[in-house]
Amino acid sequence: MERQIINKKKRVFSVEPNKIPPSEVFRRKYTSHLVPALKKLNMNKNSPQINQLSVKHEVDMALALSAQEFSWSRFLLQKLSSSNNPTTTSSSSNGIRIQERSGKEGGGDEDGETEEKLRELQKLLPGGEEMNVEEMLSEIGNYIKCLELQTIALKSIVQDTT
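All values derive from a computational prediction rather than experimental measurement. (Residues numbered from 1 in each chain as written. Predicted model: local features only at pLDDT ≥ 70, side-chain atom pairs only at ≥ 80, totals over all residues. Heavy atoms only, no water.)

### Remarks on the pattern of salt bridges
A side chain with one charge may pair with a side chain of the opposite charge, provided their charged atoms come close.
Stage number 1. By the definition in use, this model includes six salt bridges.
Stage number 2. Close ionic contact of E24 with R27 constitutes a salt bridge, the shortest N to O distance being 2.5 Å. Here E24 and its partner R27 are both found in helix α1 (residues 22-43), three residues apart, which amounts to about one turn of the helix.
Stage number 3. The partly exposed category is assigned to E24, whose relative accessible area is 23%. (Salt bridge = Lys/Arg side-chain N within 4 Å of Asp/Glu carboxyl O. Helix = DSSP H or I, 4+ residues; strand = E, 2+ residues; numbered from the N terminus. Buried < 20%, exposed > 50% of the residue type's maximum accessible area, 1.4 Å probe, protein only.)

### Let's talk about the packing of α1 against helix α2 (residues 52-66)
Stage number 1. Axis separation between α1 and α2 bottoms out at 8 Å; the angle between their running directions is 150°. The angle between α1 and α2 places the two elements in the roughly antiparallel class. Seen along the crossing, α1 lies across α2 with a hand that is right-handed. Taking contact as the criterion, the partners of F26, K29, Y30, H33, L34, A37, L38 and L41 in α1 are, on α2, S54, V55, E58, V59, A62, L63, L65 and S66.
Stage number 2. In terms of residue class, the contact of α1 with α2 is made up of 11 nonpolar, three polar and two charged. (Axes fitted to C-alpha atoms, helices over the stretch in contact; angles between N-to-C directions. Parallel < 35°, antiparallel > 145°, perpendicular 65-115°, else oblique. Left-handed = near helix turned anticlockwise from the far one by under 90°. Contact = heavy atoms within 4.5 Å. Nonpolar A, V, L, I, M, F, W, Y, C, P; charged D, E, K, R; others polar.)

### Here's the deal with the environment of E148
Stage number 1. In this structure, E148 sits in helix α5 (residues 133-161).
Stage number 2. As a C-alpha pair, E148 and S23 span 125 residues in sequence and 9.9 Å in three-dimensional space.

### Details of the confidence of the model for the protein
Stage number 1. Mean pLDDT over the protein works out to 78, with 71% of the residues at or above the 70 mark.
Stage number 2. The model gives residues 87-104 a pLDDT under 50, and that stretch makes 32 contacts with residues more than four places away or in other chains. (pLDDT = per-residue confidence, 0-100.)

### Some words on the nonpolar core
Stage number 1. By size, the foremost hydrophobic cluster in this structure holds 24 residues, and its most contacted members are F26, Y30, L63, W72, L125 and C146.
Stage number 2. At the level of secondary structure, the elements contributing two or more residues to this core comprise α1, α2, α3 (71-82) and α5.
Stage number 3. Sorting elements by how many residues they give to this core places α5 first, with seven residues.
Stage number 4. Residue contacts for L63: discarding those within four places in its chain leaves F26, Y30, W72, S73, L76, C146, L147 and Q150. (Core = buried A, V, L, I, M, F, W, Y, C linked by side-chain atoms within 4.5 Å.)

This is the structure in structure tokens:
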């Protein structure tokens, strides 16, 4: 009696699933939002309303939609959605306040400088005026990383079109 050898292919699965790096996930989301919006603007390029502010609005909207897990993104999305006309600019609120102070209390110059720097950060971060210091410092790191990734994605788009 002959023995039949059946050669079955077995699937091998990794113990850890293939993880896409967060930067790549962001890039994919960002371009999937931005490219269609820019194509739509390009189709209407004969319209006098298309200008740099319209493109900026779409670039900012793509950024906000690509990072919705962050508080700054939700604030930016809310701001962009509430402005019906992307050709107008809105000014930042003058009522900047630091809701929570950390560190030692005192009237030294160092404390004043730190507080001033925190106010500047609050102005730069979308929704920073609404956040306490700890939340703002956590969010600003994510915001900077997303801005860096946005810059890389925009450079890539420009290089691909030239």
